[in-house]
Amino acid sequence: MRFAFKTSPQNTTWDAMLQVWRAADDIEIFESGWTSDHFYPTHSADPAVPRLEGWITLTALAQATSRLRMGTLVTGIHYRHPAVLANMAATLDVVSGGRLELGIGTGWNQEESSAYGIELGAPKERSDRFEEACEVITGLLGQETTTFKGSYYELTDARCNPRPVQQPHPPVCIGGSGEKRTLRTAARFAQHWNFDSGTVGQFIRARDVLHQHCADVRRDPAEILLSSQVRFSGDPAAAAATAAEFGEAGAGLAIVYLPPPYTPTVLEPLARALGQLA
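Just so it is clear, the structure is predicted and the values come from calculations on it, not from any experiment.

Calculation rules
Residues numbered from 1 in each chain as written. Predicted model: local features only at pLDDT ≥ 70, side-chain atom pairs only at ≥ 80, totals over all residues. Heavy atoms only, no water. Pairing = 2+ DSSP bridges. Helix = DSSP H or I, 4+ residues; strand = E, 2+ residues; numbered from the N terminus. Axes fitted to C-alpha atoms, helices over the stretch in contact; angles between N-to-C directions. Contact = heavy atoms within 4.5 Å. Polar contact = N/O pair within 3.5 Å; in protein donor to acceptor, adjacent residues only side chain to side chain. Patch = residues over 30% accessible without salt bridge, like charges linked within 9 Å, V, L, I, M, F, W, Y side chains within 5 Å. Areas by Shrake-Rupley, 256 points an atom, 1.4 Å probe, with all protein chains shown as cover. Salt bridge = Lys/Arg side-chain N within 4 Å of Asp/Glu carboxyl O. Buried < 20%, exposed > 50% of the residue type's maximum accessible area, 1.4 Å probe, protein only.

1. Comments concerning the sheet that holds strand β1 (residues 2-6)
- Here we have 8 strands rolled up into a closed barrel, ordered β1-β2-β3-β4-β7-β8-β9-β10, and parallel in their pairing. Averaged over all neighbouring strand pairs, the angle between strand axes comes to 25°, with direction disregarded.
- Examined bridge by bridge, β1 and strand β2 (residues 30-37) share 4 bridges and lie parallel to one another. Looking at β2, one finds that K6 is bridged to W34.
- Where helix α5 (residues 123-142) meets the sheet, its contacts fall on β4 (100-105) and β7 (172-175), and the angle it forms with β4 comes to roughly 160°.
- Where helix α7 (residues 200-216) meets the sheet, its contacts fall on β8 (192-195) and β9 (225-231), and the angle it forms with β8 comes to roughly 150°.

This is how it looks when you write it as C-alpha coordinates:
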(Lines give C-alpha, C1' and ligand atoms only; values in the text may rest on other atoms or scores of the structure.)
Protein backbone atom coordinates (compact mmCIF):
# COMPACT_ATOMS: atom_id res chain seq x y z
CA MET A 1 0.00 0.00 0.00
CA ARG A 2 1.08 3.57 -0.68
CA PHE A 3 0.57 6.67 1.48
CA ALA A 4 -0.06 10.39 1.17
CA PHE A 5 -1.24 13.30 3.29
CA LYS A 6 -3.71 16.13 2.85
CA THR A 7 -3.74 19.65 4.30
CA SER A 8 -6.72 21.82 3.45
CA PRO A 9 -5.61 25.47 3.14
CA GLN A 10 -8.24 26.50 5.69
CA ASN A 11 -8.03 27.80 9.26
CA THR A 12 -4.26 27.86 8.97
CA THR A 13 -1.36 30.06 7.97
CA TRP A 14 0.75 29.72 4.87
CA ASP A 15 3.88 29.23 6.99
CA ALA A 16 2.31 26.32 8.89
CA MET A 17 1.33 24.51 5.69
CA LEU A 18 4.72 25.19 4.17
CA GLN A 19 6.54 23.64 7.13
CA VAL A 20 4.46 20.46 6.88
CA TRP A 21 5.04 20.06 3.15
CA ARG A 22 8.78 20.74 3.37
CA ALA A 23 9.13 18.18 6.14
CA ALA A 24 7.02 15.60 4.28
CA ASP A 25 9.13 16.08 1.16
CA ASP A 26 11.99 14.48 3.12
CA ILE A 27 9.93 11.51 4.38
CA GLU A 28 9.95 8.87 1.68
CA ILE A 29 6.82 6.99 2.71
CA PHE A 30 4.64 9.96 1.75
CA GLU A 31 4.44 9.74 -2.04
CA SER A 32 2.11 12.71 -2.49
CA GLY A 33 0.53 15.68 -0.78
CA TRP A 34 -2.94 17.09 -1.45
CA THR A 35 -4.91 20.25 -0.81
CA SER A 36 -8.62 20.90 -1.24
CA ASP A 37 -10.13 23.50 -3.56
CA HIS A 38 -12.90 25.70 -2.20
CA PHE A 39 -13.39 29.42 -1.68
CA TYR A 40 -15.50 29.18 1.49
CA PRO A 41 -14.58 27.12 4.56
CA THR A 42 -16.02 23.63 4.57
CA HIS A 43 -17.15 21.57 7.56
CA SER A 44 -16.77 24.63 9.78
CA ALA A 45 -19.27 26.29 12.09
CA ASP A 46 -17.57 29.64 11.48
CA PRO A 47 -18.17 31.02 7.95
CA ALA A 48 -15.44 33.61 8.49
CA VAL A 49 -12.60 31.09 8.81
CA PRO A 50 -9.86 32.14 6.36
CA ARG A 51 -9.13 29.94 3.38
CA LEU A 52 -6.33 30.15 0.82
CA GLU A 53 -7.11 29.46 -2.85
CA GLY A 54 -6.20 25.88 -3.71
CA TRP A 55 -4.33 26.12 -7.03
CA ILE A 56 -2.20 29.13 -6.09
CA THR A 57 -1.31 27.33 -2.86
CA LEU A 58 -0.44 24.15 -4.74
CA THR A 59 1.77 26.04 -7.19
CA ALA A 60 3.70 27.64 -4.35
CA LEU A 61 4.09 24.25 -2.66
CA ALA A 62 5.46 22.84 -5.91
CA GLN A 63 8.28 25.37 -5.73
CA ALA A 64 8.94 24.55 -2.07
CA THR A 65 9.28 20.79 -2.66
CA SER A 66 11.20 18.57 -5.07
CA ARG A 67 9.84 15.04 -4.71
CA LEU A 68 6.22 14.94 -3.62
CA ARG A 69 3.51 14.47 -6.20
CA MET A 70 0.61 16.85 -5.60
CA GLY A 71 -2.99 17.61 -6.40
CA THR A 72 -6.33 18.97 -5.23
CA LEU A 73 -8.97 16.69 -3.70
CA VAL A 74 -10.83 17.82 -5.67
CA THR A 75 -11.53 20.84 -7.89
CA GLY A 76 -15.22 21.42 -8.58
CA ILE A 77 -15.40 21.60 -12.34
CA HIS A 78 -17.84 24.53 -12.31
CA TYR A 79 -15.31 26.85 -10.64
CA ARG A 80 -13.27 27.38 -13.80
CA HIS A 81 -13.89 26.80 -17.49
CA PRO A 82 -12.25 23.42 -18.29
CA ALA A 83 -10.07 24.99 -20.99
CA VAL A 84 -8.72 27.42 -18.38
CA LEU A 85 -8.22 24.56 -15.91
CA ALA A 86 -6.40 22.50 -18.55
CA ASN A 87 -3.94 25.35 -19.12
CA MET A 88 -3.45 25.76 -15.38
CA ALA A 89 -2.79 22.04 -15.05
CA ALA A 90 -0.33 21.97 -17.94
CA THR A 91 1.59 24.92 -16.50
CA LEU A 92 1.73 23.44 -13.01
CA ASP A 93 2.89 20.11 -14.42
CA VAL A 94 5.71 21.97 -16.18
CA VAL A 95 6.80 24.06 -13.18
CA SER A 96 6.62 21.04 -10.84
CA GLY A 97 8.68 18.85 -13.16
CA GLY A 98 5.82 16.47 -13.92
CA ARG A 99 4.46 15.95 -10.40
CA LEU A 100 0.82 16.98 -10.82
CA GLU A 101 -2.17 14.76 -10.07
CA LEU A 102 -5.26 16.40 -11.63
CA GLY A 103 -8.04 16.05 -9.06
CA ILE A 104 -11.51 17.00 -10.34
CA GLY A 105 -15.17 16.40 -9.48
CA THR A 106 -18.67 17.60 -10.25
CA GLY A 107 -18.76 20.21 -7.46
CA TRP A 108 -21.19 20.32 -4.56
CA ASN A 109 -20.88 23.47 -2.41
CA GLN A 110 -24.06 25.45 -2.94
CA GLU A 111 -23.16 28.14 -0.38
CA GLU A 112 -20.04 29.41 -2.11
CA SER A 113 -21.53 28.91 -5.58
CA SER A 114 -24.53 31.05 -4.70
CA ALA A 115 -22.39 33.69 -2.99
CA TYR A 116 -20.19 34.09 -6.08
CA GLY A 117 -22.95 33.72 -8.65
CA ILE A 118 -21.42 30.52 -10.03
CA GLU A 119 -24.08 28.20 -11.41
CA LEU A 120 -23.91 24.84 -9.64
CA GLY A 121 -27.03 23.29 -11.11
CA ALA A 122 -29.10 20.22 -10.34
CA PRO A 123 -27.39 16.83 -10.02
CA LYS A 124 -28.04 15.82 -13.64
CA GLU A 125 -26.68 19.11 -14.93
CA ARG A 126 -23.56 18.74 -12.78
CA SER A 127 -22.97 15.23 -14.08
CA ASP A 128 -23.53 16.15 -17.73
CA ARG A 129 -21.26 19.18 -17.41
CA PHE A 130 -18.57 17.16 -15.65
CA GLU A 131 -18.49 14.49 -18.34
CA GLU A 132 -18.12 17.15 -21.03
CA ALA A 133 -15.39 18.86 -19.02
CA CYS A 134 -13.40 15.62 -18.76
CA GLU A 135 -13.47 15.34 -22.55
CA VAL A 136 -12.35 18.95 -22.94
CA ILE A 137 -9.52 18.67 -20.41
CA THR A 138 -8.09 15.35 -21.60
CA GLY A 139 -8.40 16.52 -25.20
CA LEU A 140 -6.55 19.78 -24.63
CA LEU A 141 -3.81 18.15 -22.55
CA GLY A 142 -3.31 15.16 -24.81
CA GLN A 143 -3.85 16.45 -28.36
CA GLU A 144 -2.33 19.13 -30.54
CA THR A 145 -5.75 20.67 -31.15
CA THR A 146 -9.22 19.97 -29.80
CA THR A 147 -12.59 20.63 -31.36
CA PHE A 148 -15.59 19.88 -29.20
CA LYS A 149 -19.26 20.83 -29.21
CA GLY A 150 -21.42 19.96 -26.24
CA SER A 151 -24.29 21.42 -24.28
CA TYR A 152 -21.99 23.33 -21.92
CA TYR A 153 -18.68 23.78 -23.72
CA GLU A 154 -17.60 24.43 -27.29
CA LEU A 155 -14.02 24.50 -28.57
CA THR A 156 -12.76 25.03 -32.11
CA ASP A 157 -9.21 23.96 -32.99
CA ALA A 158 -8.22 24.84 -29.43
CA ARG A 159 -4.63 24.48 -28.25
CA CYS A 160 -2.95 24.10 -24.88
CA ASN A 161 0.71 25.00 -25.26
CA PRO A 162 3.06 24.15 -23.66
CA ARG A 163 1.83 20.63 -23.18
CA PRO A 164 2.23 18.99 -19.76
CA VAL A 165 5.39 17.05 -18.94
CA GLN A 166 3.37 13.89 -18.27
CA GLN A 167 1.89 12.44 -21.42
CA PRO A 168 -0.71 12.03 -22.63
CA HIS A 169 -1.68 14.09 -19.55
CA PRO A 170 -1.23 14.16 -15.76
CA PRO A 171 -3.16 11.37 -14.05
CA VAL A 172 -6.81 12.34 -13.68
CA CYS A 173 -8.09 11.75 -10.14
CA ILE A 174 -11.88 11.81 -9.96
CA GLY A 175 -13.47 12.20 -6.54
CA GLY A 176 -17.03 11.19 -5.69
CA SER A 177 -19.17 8.11 -5.28
CA GLY A 178 -22.29 8.85 -7.33
CA GLU A 179 -23.14 5.41 -8.65
CA LYS A 180 -24.99 6.27 -11.85
CA ARG A 181 -22.85 9.08 -13.26
CA THR A 182 -19.70 10.00 -11.30
CA LEU A 183 -18.37 6.46 -11.15
CA ARG A 184 -19.26 5.94 -14.80
CA THR A 185 -17.31 9.06 -15.72
CA ALA A 186 -14.41 7.77 -13.61
CA ALA A 187 -14.51 4.49 -15.52
CA ARG A 188 -14.14 6.43 -18.76
CA PHE A 189 -11.55 9.06 -17.84
CA ALA A 190 -9.82 8.43 -14.50
CA GLN A 191 -6.44 6.96 -13.73
CA HIS A 192 -7.23 7.42 -10.04
CA TRP A 193 -10.53 7.35 -8.14
CA ASN A 194 -10.76 8.81 -4.64
CA PHE A 195 -13.27 7.83 -1.97
CA ASP A 196 -13.76 10.90 0.21
CA SER A 197 -15.37 9.67 3.40
CA GLY A 198 -17.48 6.82 4.69
CA THR A 199 -17.21 3.27 5.88
CA VAL A 200 -15.20 0.45 4.38
CA GLY A 201 -18.49 -1.13 3.37
CA GLN A 202 -19.46 1.99 1.44
CA PHE A 203 -16.04 1.98 -0.20
CA ILE A 204 -16.50 -1.64 -1.28
CA ARG A 205 -19.90 -0.90 -2.78
CA ALA A 206 -18.56 2.10 -4.72
CA ARG A 207 -15.55 0.04 -5.84
CA ASP A 208 -17.80 -2.69 -7.18
CA VAL A 209 -19.99 -0.18 -9.03
CA LEU A 210 -16.89 1.43 -10.55
CA HIS A 211 -15.64 -1.95 -11.71
CA GLN A 212 -19.00 -2.73 -13.30
CA HIS A 213 -18.88 0.57 -15.18
CA CYS A 214 -15.36 -0.37 -16.31
CA ALA A 215 -16.73 -3.63 -17.69
CA ASP A 216 -19.50 -1.73 -19.49
CA VAL A 217 -16.99 0.57 -21.24
CA ARG A 218 -14.44 -2.23 -21.71
CA ARG A 219 -11.86 -0.66 -19.43
CA ASP A 220 -9.48 -2.72 -17.32
CA PRO A 221 -10.24 -1.70 -13.69
CA ALA A 222 -6.61 -2.35 -12.82
CA GLU A 223 -5.79 0.83 -14.78
CA ILE A 224 -7.48 2.92 -12.06
CA LEU A 225 -5.76 3.48 -8.72
CA LEU A 226 -8.24 3.38 -5.82
CA SER A 227 -7.64 5.65 -2.83
CA SER A 228 -9.42 6.59 0.36
CA GLN A 229 -9.04 9.55 2.66
CA VAL A 230 -8.30 8.65 6.28
CA ARG A 231 -9.13 11.23 8.93
CA PHE A 232 -6.30 11.71 11.41
CA SER A 233 -7.42 12.14 15.01
CA GLY A 234 -3.96 12.42 16.51
CA ASP A 235 -3.35 8.69 16.96
CA PRO A 236 -0.92 7.35 14.33
CA ALA A 237 -1.73 3.72 15.13
CA ALA A 238 -5.47 4.31 14.65
CA ALA A 239 -4.86 6.02 11.31
CA ALA A 240 -2.69 3.11 10.19
CA ALA A 241 -5.34 0.61 11.27
CA THR A 242 -8.01 2.42 9.26
CA ALA A 243 -5.69 2.60 6.26
CA ALA A 244 -5.10 -1.13 6.53
CA GLU A 245 -8.85 -1.82 6.45
CA PHE A 246 -9.24 0.17 3.25
CA GLY A 247 -6.15 -1.52 1.84
CA GLU A 248 -7.69 -4.93 2.41
CA ALA A 249 -10.78 -3.70 0.55
CA GLY A 250 -8.74 -2.73 -2.50
CA ALA A 251 -7.43 0.79 -1.87
CA GLY A 252 -3.89 1.16 -3.17
CA LEU A 253 -3.36 4.60 -1.66
CA ALA A 254 -4.34 5.95 1.77
CA ILE A 255 -4.45 9.75 2.00
CA VAL A 256 -4.23 10.82 5.64
CA TYR A 257 -6.23 14.01 6.16
CA LEU A 258 -4.40 16.11 8.74
CA PRO A 259 -6.45 18.56 10.84
CA PRO A 260 -5.24 22.05 11.72
CA PRO A 261 -3.30 23.43 13.47
CA TYR A 262 -0.65 22.03 11.14
CA THR A 263 2.69 20.99 12.56
CA PRO A 264 5.43 18.85 11.03
CA THR A 265 5.90 17.04 14.34
CA VAL A 266 3.01 14.68 13.52
CA LEU A 267 4.69 13.35 10.38
CA GLU A 268 7.45 11.11 11.75
CA PRO A 269 5.20 9.16 14.19
CA LEU A 270 2.61 8.81 11.45
CA ALA A 271 5.24 7.62 8.98
CA ARG A 272 6.46 4.98 11.43
CA ALA A 273 2.94 3.65 11.95
CA LEU A 274 2.17 3.58 8.22
CA GLY A 275 5.54 1.98 7.56
CA GLN A 276 4.32 -1.16 9.28
CA LEU A 277 1.82 -1.60 6.45
CA ALA A 278 4.06 -0.80 3.49
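2. Some thoughts on the side chain of T65
- By secondary structure assignment, the location of T65 is in the loop between α2 (54-64) and β3 (69-76).
- At 2.8 Å, the side chain of T65 and the backbone oxygen of L61 are in polar contact.
- Setting aside chain neighbours within four positions, we find T65 in contact with W21, D25, M70 and R99.

3. Digging into a nonpolar patch on the surface
- On the surface, a nonpolar cluster with roughly 210 Å² of combined accessible area is contributed by V94, V95 and V165.
- Its location among the elements puts V94 in helix α3 (residues 82-95).

4. Focus: helix α1 (residues 14-24)
- The set of residues buried in α1 consists of A16, M17, L18, V20, W21 and A24.
- Buried positions along α1 lie against β1, β2, α2, β3 and α9 (267-275).

Spatial relationships are all this shows, so hold off on functional conclusions.
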